[in-house]
Amino acid sequence: MSRTRFAPSPTGMLHVGGLRTALFNYLYAKKNEGTFILRIEDTDRERYEEGTEENILKTLDWAKLNPDEGVTLEGEKGDKKPYHQSERLDVYKKAIDKLLESKNAYYAFDTTEELNRMREEEKKAGNPAPKYDISMRMRMKNSLTLSEEEVKNKIDAGDEYVIRLKVPDNHTVKVFDEIRGALEFKSSSIDDAVLLKSDGFPTYHLANIVDDNAMDIDMVIRGEEWLPSLPKHVLLYEAFGWNMPKFAHVPLLLNPSGGKLSKRQGDVSVSDFIERGYLPEVMINFLALLGWNPGTTDEIFSLDELIEKFSLDRVQKGGAIFDTEKLDWLQGQWIRKFTPKEFAERIQPIVAKEFPDARKDSKFVEKAQLIQDRITFFKEASEMLSFFYLDPKVDLELIASKKQKVTKDMVADIVSMLIETLEKISTWNEETIKESIIKLAKEKELKNGQVLWPLRAILTGLPYSPGAFEVAEVLGKDETLKRLAKALELVKK
RNA sequence: GGCCCCAUCGUCUAGUGGUUAGGACGCCAGGUUUUCAUCCUGGUAACAGGAGUUCGAUUCUCCUUGGGGCUACCA
């Protein structure tokens, strides 16, 4: 049993990196017959974006990574409510009081302007990385430099304040990361982070630790960008006297040019990929392989298979460039994996949108079969099946083909021969059609392509399409001959 | 700048002291008795550099270099 959580902020659409973090958390939980929890970290009122929480939930639902507990599309589930941090302010207040009491935190009354000025001064004085601790703590206005009475007076007077973590001096924080191993941080490099903002909201550091503890999270899987603040979190757990969960910092997803994944260099929000027609199975499969591998050469995995194979010790340490070259290939693999019936069912509504006849087409499965190996996106299906639902244009430029050695003045003869030959076929199927046409070509001393190209071009009206034999079979004898006859007439003119 | 993380083909990766350094995507060539696609076969291409440890380093250690992250009253 294990409890993991995905804890996004509603500050933007869910992006692929976030989905991967969610996936790893989901896989870990399921692998250990545990619980996957979704918590919304909405403590930043400035960056809050309307609708993004819904986008996150819907995207997770699309990917079939629905949380077992926490915030869901059906509302909050579980006995650790609420799961929105903005509704847990009293919980943080209590926690802060505890830290204040144990002197692990202190009040600070400095304004942003004062802080900025002091940092400038420090830099000029040769301190490259001014931190509130060490260099600034004693120079600023806070409960470490002010008397108890002064502090009380300021608070009573309504002065704004934040509460900061008191990082102990001369201390080494030791912590273990499931992916990176043992880590050490000197406390001199850790800043006295703000825990409670002047608006009464907690920062990530506080809220995150308090909630992970309250929600019994025992494995924290999050992005590598959190690694530098890990010692602060460890210090908080120590200050509270709580048991620490295990930590696993997964490598970042990178732009093609190397930096942290961002817009500008292409699509990064999952919604973009959904819109472009990628299947959830494909996205999940692709994301799983970015930073993780099964240790075998297998590459196609369903969510269930991933649950079975997943383990943190096969997660990569280095960042992975989010390069979608392989995504299209994967999509093709998945499309080809569907049974003919499944495939037909999935494209039928899409084709029917353009060609209503497709909806009640008894031969739809056969038609769909012709293109299952030829498409990467379902939306390509309509065009590729168009010739079944409308009369193809007869285009002499297309029917004659230099490459196939078919000149324009040969076309009429070839079409006549085709009609004559095909009319004689009594059992109409791919095999018999093929047989008689190959025989025809041989008799007339023509190359197969000289007969087949015109046939396919007339039947489909397209430069690229499924093969002539299979199209003719599905079209049926009558329709095939009808199209040939019509073409012959037009070509003669 | 400081702190932290990382480093195998262009990309995703296998490898855990001795391998012709393997696979996949992409690309190139050929084949699959019509096009496109699929599929098959073959090819292209990598251990960042330098010391050290060792009989022997891609693998262990250190340094350099390179890349990335963090450095907010954002997460």
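Here is what the cut-offs are and how they apply
Residues numbered from 1 in each chain as written. Chains lettered and ligands numbered in written order. Predicted model: local features only at pLDDT ≥ 70, side-chain atom pairs only at ≥ 80, totals over all residues. Axes fitted to C-alpha atoms, helices over the stretch in contact; angles between N-to-C directions. Helix = DSSP H or I, 4+ residues; strand = E, 2+ residues; numbered from the N terminus. Parallel < 35°, antiparallel > 145°, perpendicular 65-115°, else oblique. Left-handed = near helix turned anticlockwise from the far one by under 90°. Contact = placed C-beta atoms within 7 Å. Nonpolar A, V, L, I, M, F, W, Y, C, P; charged D, E, K, R; others polar. Domains from an automatic or database assignment. Buried ≥ 20, exposed ≤ 12 C-beta atoms within 10 Å, placed from the backbone. Pairing = 2+ DSSP bridges.

1. Some thoughts on the packing of helix α19 (residues 448-460) against helix α20 (residues 468-475)
For any two helices packed against each other, the geometry comes down to the angle between their axes and how far apart the axes lie.
Right, so step 1: With their axes 9 Å apart at the nearest point, α19 and α20 run at an angle of 40 degrees to one another. Here α19 is positioned oblique relative to α20, judged by the angle of their axes. Relative to α20, the crossing made by α19 is left-handed. Between α19, through Leu452, Leu455, Arg456, Leu459 and Thr460, and α20, the contact on the second element is made entirely by Ala468, Val471, Ala472 and Leu475.
Right, so step 2: Tallied by class, the residues present in the contact of α19 with α20 amount to seven nonpolar, one polar and one charged.

2. What to know about the domain arrangement of chain A
Right, so step 1: By domain assignment, chain A separates into domain 1 (3-73 + 208-252), domain 2 (89-196), domain 3 (348-388) and domain 4 (396-492).
Right, so step 2: Spacing between the C-alpha centres of domain 1 and domain 3 amounts to 41 Å.

3. Examining unusual backbone geometry
Glycine aside, residues mostly have negative phi angles, and peptide bonds mostly take the trans form.
Right, so step 1: With an omega of -5 degrees, the peptide bond between Lys81 and Pro82 qualifies as cis.
Right, so step 2: Positionally, Pro82 belongs in the loop between β4 (75-77) and α3 (89-101).
Right, so step 3: Notably, Asn170 is not glycine yet its phi reads approximately 45 degrees, a positive angle.
Right, so step 4: Locating Asn170 in the fold gives a position in the loop between β6 (162-165) and β7 (172-177).
Right, so step 5: Owing to 7 C-beta atoms within 10 Å, Asn170 belongs among the exposed residues under this scheme.

4. Let's talk about the pairing of β6
Successive residues of a regular strand alternate their side chains across the two faces of the sheet.
Right, so step 1: Here four bridges tie strand β5 (residues 105-108) to β6, and the two strands are oriented antiparallel to one another. Along β6, the bridge assignment pairs Tyr106 with Arg164.
Right, so step 2: As paired strands, β6 and strand β9 (residues 194-196) are joined by two bridges and run antiparallel to one another. Bridging from a neighbouring strand, Ile163 pairs with Leu196 of β9.

5. Quick word on the environment of Ala63
Right, so step 1: By secondary structure assignment, the location of Ala63 is in the loop between α2 (52-62) and β3 (69-72).
Right, so step 2: Judged by local crowding, Ala63 falls into the buried class, with 21 C-beta atoms found within 10 Å.
Right, so step 3: It is 47 Å that separates the C-alpha atoms of Ala63 and Leu481, two residues lying 418 residues apart in sequence.
Right, so step 4: Residues contacting Ala63, with those up to four places away along its chain left out, are Leu19, Pro280, Met283 and Ile284.

6. Concerning the environment of Glu160
Right, so step 1: Following the sequence through the fold, Glu160 ends up in the loop between α6 (148-156) and β6.
Right, so step 2: Between the C-alpha atom of Glu160 and that of Phe109, which follows or precedes it by 51 residues, the distance is 6.2 Å.

7. Observations regarding the packing of helix α18 (residues 430-443) against α19
Right, so step 1: Running from N to C, α18 and α19 point in directions that differ by 130 degrees, and their axes come no closer than 8 Å. The angle between α18 and α19 falls in the class oblique. Pair α18 / α19 crosses with right-handed handedness. On α19, the residues touching Ile437, Ile438, Leu440 and Ala441 of α18 are Asn448, Gln450, Val451 and Leu452.
Right, so step 2: Looking at the contact of α18 with α19, its residues break down into six nonpolar, two polar and no charged.

8. A closer look at the sheet that holds β5
Right, so step 1: A sheet is described by the order of its strands in space; here three strands give the open sequence β5-β6-β9, paired in antiparallel fashion. Looking at the sheet topology across the chains shown, the edges are occupied by β5 and β9. Across the sheet, the mean angle separating the axes of adjacent strands is 45 degrees when strand polarity is ignored.

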